[in-house]
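Structural overview
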Amino acid sequence: NPDQQELYIYKADTRELLYMDATSLKVLRSVPIPDLAPGDVWIRWQPLNDSIILSSEADAEIGIPLYMIDRESGEILAGLPYPIYPTELTFHPNQLLMYFTSFKATYLAVWDMQKYQITNQIEVPSRTDRILFSENTNEVWVTVPLSGEILGYDADTLENTKRIKSSLGDRTLSIDYQRNLLFTGNFMNGRLTVIDLSTQKKVASYYLGPWIRTIALNTERGIAYVSTVRGLFTIRYIQDVD
């Protein structure tokens, strides 16, 4: 949370959401989280309503897969129960809408974060993975690692609007809007690939190692920060793509 300079961490053994100072890493606060489903937990801060989303990959169908929490009060505002599996999600930049998919199911859905209800849902291919909101095109992009492609859906209607050919195993996404570049992380070959969106051609590729998980960009400096199961990497991509 850059506004408050806070980090949020879920402590699974005590079922707590920890608020930490981003500079000192001091724990500022602890909020109990009852009955969150067991599994890898993703945490996202939503600035539009100052809420924190905790979503579990739900290794077992017990507990609640997703909670939305008011950051200031620590109150649980809403949850999504089974049979919903919101394992991968992204937010609309200007509306209180959450888009989510699941590698356990075959849907892309929209959740209204004010009404606490699903407002639209469509079928998508099986075993989809990461998802992001493309602000330049008003689309939601979803990776399909087993077919090596990225599918785009209109954010308002969920109509399928785009198909980008990537590589078998690509699952993690990020966009450099300044240079119109798409970054993909591959969990099979351990490579970070850069695609020019204007031509859909690959312009750079870097081997990092097994199980790429997240990609964060500093577009002003042309730097990608990439986490894998074994480390955190800094890639100065600007020298290869400009």
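The text that follows walks through the structure, step by step, so that each part is easy to find. (Residues numbered from 1 in each chain as written. Predicted model: local features only at pLDDT ≥ 70, side-chain atom pairs only at ≥ 80, totals over all residues. Heavy atoms only, no water.)

**Regarding the overall build of the protein**
Counting its regular elements, the protein contains 1 helix and 22 strands. Relative to a compact globule of 242 residues, whose C-alpha radius of gyration would be 18 Å, the protein shows 18 Å and is just as compact. In terms of its C-alpha atoms, the protein occupies a principal-axis envelope of roughly 45 × 45 × 30 Å. Within the protein, buried positions represent 50% of all 242 residues. Taking the intrachain contacts of the protein between residues at least 6 apart in sequence as the baseline, contacts between residues at least 24 apart amount to 35%. Carbon together with sulfur atoms contributes 48% to the accessible area of the protein, which is approximately 11,500 Å² in total. Side chains of the protein give 22 positive and 30 negative charges; the mean places of these two sets differ by 7 Å. (Helix = DSSP H or I, 4+ residues; strand = E, 2+ residues; numbered from the N terminus. Rg over C-alpha atoms; globule rule 2.2 N^0.38 Å. Buried < 20%, exposed > 50% of the residue type's maximum accessible area, 1.4 Å probe, protein only. Contact = heavy atoms within 4.5 Å. Areas by Shrake-Rupley, 256 points an atom, 1.4 Å probe, with all protein chains shown as cover. Lys, Arg positive; Asp, Glu negative; His and termini not counted. Charge placed at Lys NZ, Arg CZ, Asp CG, Glu CD.)

**So, the sheet that holds strand 18 (residues 191–196)**
Each strand in a sheet pairs with its neighbour through backbone hydrogen bonds, running either in the same direction (parallel) or in the opposite one (antiparallel). Taken together, the 4 strands give an open sheet; going across it, the order is 16-17-18-19, and neighbouring strands pair in antiparallel fashion. Of all the strands in the sheet, just strand 16 (170–176) and strand 19 (201–207) have a single pairing partner and so form its edges. Put simply, the sheet's adjacent strands are angled 20 degrees from each other on average, direction ignored. Strand direction decides the pairing type here: strand 17 (residues 181–186) and strand 18, joined by 5 bridges, are antiparallel. Bridge pairing links Leu 182 to Ile 195 in strand 18. (Pairing = 2+ DSSP bridges. Axes fitted to C-alpha atoms, helices over the stretch in contact; angles between N-to-C directions.)

**Focus: the nonpolar core**
Counting residues in hydrophobic clusters, the biggest one holds 20 residues, and the most contacted among them are Ile 53, Met 98, Phe 100, Trp 111 and Met 113. Only strand 6 (66–70), strand 7 (76–80), strand 8 (88–91), strand 9 (97–101) and strand 10 (107–112) provide two or more residues apiece to this core. At 3 residues, strand 10 tops the list of elements feeding residues into this core. Residues in contact with Met 113, not counting those within four places in the same chain, are Gln 46, Asn 49, Ser 51, Ile 53, Met 68, Phe 91, Leu 96, Leu 97 and Met 98. Judged by nonpolar contacts, the second largest core, of 14 residues, contains Tyr 99, Phe 133, Val 140 and Ala 155. (Core = buried A, V, L, I, M, F, W, Y, C linked by side-chain atoms within 4.5 Å.)

**Side note on the pattern of salt bridges**
On inspection of all chains with the given rule, the structure shows 9 salt bridges. When the shortest N-O distance is used, the salt bridge between Arg 15 and Asp 35 registers 3.9 Å. Remark: Asp 35 occurs in the loop between strand 3 (27–32) and strand 4 (41–46) and Arg 15 occurs in the loop between strand 1 (6–11) and strand 2 (16–21); sequence separation between them is 20 residues. Between Arg 163 and Glu 149 there is a salt bridge; the shortest N-O distance is 2.9 Å. One end of the pair, Arg 163, is in strand 15 (residues 160–165); the other, Glu 149, is in strand 14 (residues 149–154), and 14 residues separate them in sequence. (Salt bridge = Lys/Arg side-chain N within 4 Å of Asp/Glu carboxyl O.)

Remember, this is a structural readout, not a statement about activity or role.
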